[in-house]
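Secondary and tertiary structure notes
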Amino acid sequence: MSTGQRRLDIEEIGGVTVARFVDKKILDETNIQNIGNQLFALVDEDGRKKIVLDFSIVEYLSSAALGKLITMDKKVKAAKAKLRLCAIRPEIYEVFEITRLNKIFDIKSTQEEALDGM
Amino acid sequence: MAVHEQFEVSIPSTAEAGQALLERIAGKIETLESFSPHDAFGIRLALDEAIVNAIKHGNGFSPDKTVRVKCLIEDQLLRVEIEDQGPGFCLEDVPDPTEEENLERPCGRGIMLMRSFMSNIEYSPTGNRVLLEKRPGVRMQ
């Protein structure tokens, strides 16, 4: 059940769900809970099979937010769906590298690249 | 050495109070020329992790517990000490999140990010107090 203020802009492009974060800073605990709920609903409630998460606006991302992304990844795999991340700023990408999460996620430079061959 | 800001404060164990404190410190750092945008990015990230750890994992959002914070901001040094009233923890008990078997665990990355972006991190033996230091351009790992 997704609750709270909408923290993702959802768009369908050629059969792929593109979810764009609306917050520059994904740090606040309540915010992260809401983001998690809305992300999980894409798989658990809507049954979407091809999802691209667009980070172009995101400037900060805490480890709690990373945790939500990992749980999302697990849900996507369990549902035999596909997930790609894109448009991640270099500083944020460094966070993925430090935590080695760049090995888990399929990360593309741009949204176009992420949509390509989904 | 010019002191830009120095304070000691106790905040309630709420996410809002934590974010306000984070803004007070990280916002100030962002106005200083001596810290690069990359330094400021790492400081905001590391402080958020430390403050959230104290409020959430340390004090468990308890209205009866506070987080004590000491902060010093100079041109070439940021020093922040954060102490919660929780039971503390043992650093060795936190699994390495980059190990293959832990990669998919959704938690345990905060301390790693703090270590990576700050110049120095020290936990008290009881584990409920952490000292974070940042010197421009200097990273611990």
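The coordinates are above.
This write-up is about the structure you can find in this document. Along each chain, residue indices are assigned from 1 in the same order as the chain's sequence is written. The lettering of chains begins at A and the numbering of ligands begins at 1, in the order of writing. For a predicted model such as this one, the threshold for reporting local features is a pLDDT of at least 70, and the threshold for listing and counting side-chain atom pairs is 80 or more; totals across whole chains, interfaces and linings nevertheless cover every residue.

**Quick look at helix H1 (residues 15-29) of chain B**
Residues and elements named next belong to chain B. As a reminder of what qualifies: Where helices and strands are cited, they refer to DSSP runs of H or I of at least four residues and of E of at least two residues respectively, numbered from the N terminus. Residue count minus one, scaled by 1.5 Å, sets the expected span of a helix. With C-beta atoms placed from the backbone, a residue counts as buried when 20 or more other C-beta atoms lie within 10 Å of its own, as exposed when 12 or fewer do, and as partly exposed for counts between those limits. Working definition of a contact: two residues with C-beta atoms, positioned from the backbone, lying within 7 Å.
Counted at 1.5 Å a residue, the expected span for H1 with its 15 residues is 21 Å, and the 21 Å between its end C-alpha atoms agrees. Among all positions of H1, only Gly18, Gln19, Leu21, Leu22, Ile25, Ala26 and Ile29 are buried. Looking at the buried positions of H1, the neighbouring elements they touch are strand S1 (3-12), helix H2 (37-58), strand S2 (66-74) and strand S3 (78-83).

**Things to note about the packing of H2(B) against helix H3 (residues 110-117) of chain B**
Residue and element names in this part refer to chain B. Stated precisely, the cut-off is as follows: Under this scheme, a helix contributes an axis fitted over its contacting stretch, all axes are lines through C-alpha atoms, and angles between N-to-C directions fall in the 0 to 180 degree range. Less than a right angle of anticlockwise turn of the near helix away from the far helix marks a crossing as left-handed, whereas a clockwise turn marks it as right-handed. Under the scheme applied here, ten amino acids are nonpolar (Ala, Val, Leu, Ile, Met, Phe, Trp, Tyr, Cys and Pro), four are charged (Asp, Glu, Lys and Arg), and all others, including Gly, are polar.
Contact geometry for H2 and H3: axes closest at 9 Å, N-to-C directions at 145°. The handedness of the crossing between H2 and H3 is left-handed. Taken together, the residues of H3 that come into contact with H2 (itself represented by Gly42, Leu45, Ala46, Glu49, Ala50 and Asn53) are Gly110, Leu113, Met114 and Phe117. Residues that form the contact of H2 with H3 fall into these classes: six nonpolar, three polar and one charged.

**What to know about the environment of Val95(A)**
Inspection of the secondary structure assignment puts Val95(A) in helix H3 (residues 90-98). By C-beta crowding, Val95(A) is classed as buried, having 26 other C-beta atoms within 10 Å. Sequence separation between Val95(A) and Tyr60(A) is 35 residues; the distance between their C-alpha atoms is 9.6 Å. Excluding its chain neighbours within four sequence positions, the residues that come into contact with Val95(A) are Leu61(A) and Leu113(B).

**Digging into the sheet that holds strand S5 (residues 129-134) of chain B**
All names here are of chain B. Note the cut-off: Note: two strands are recorded as paired if DSSP finds a minimum of 2 bridges between them.
As summarised here, the arrangement of the five strands in space is S1-S2-S3-S5-S4, forming an open sheet in which the pairing is antiparallel. Here the strands that pair on one side only, and so sit at the sheet edges, are S1 and strand S4 (120-123). Each strand of the sheet is rotated relative to its neighbour by a mean of 10°, with strand direction disregarded. Inspection of the sheet shows S1 paired to S2 by nine bridges, in the antiparallel sense.

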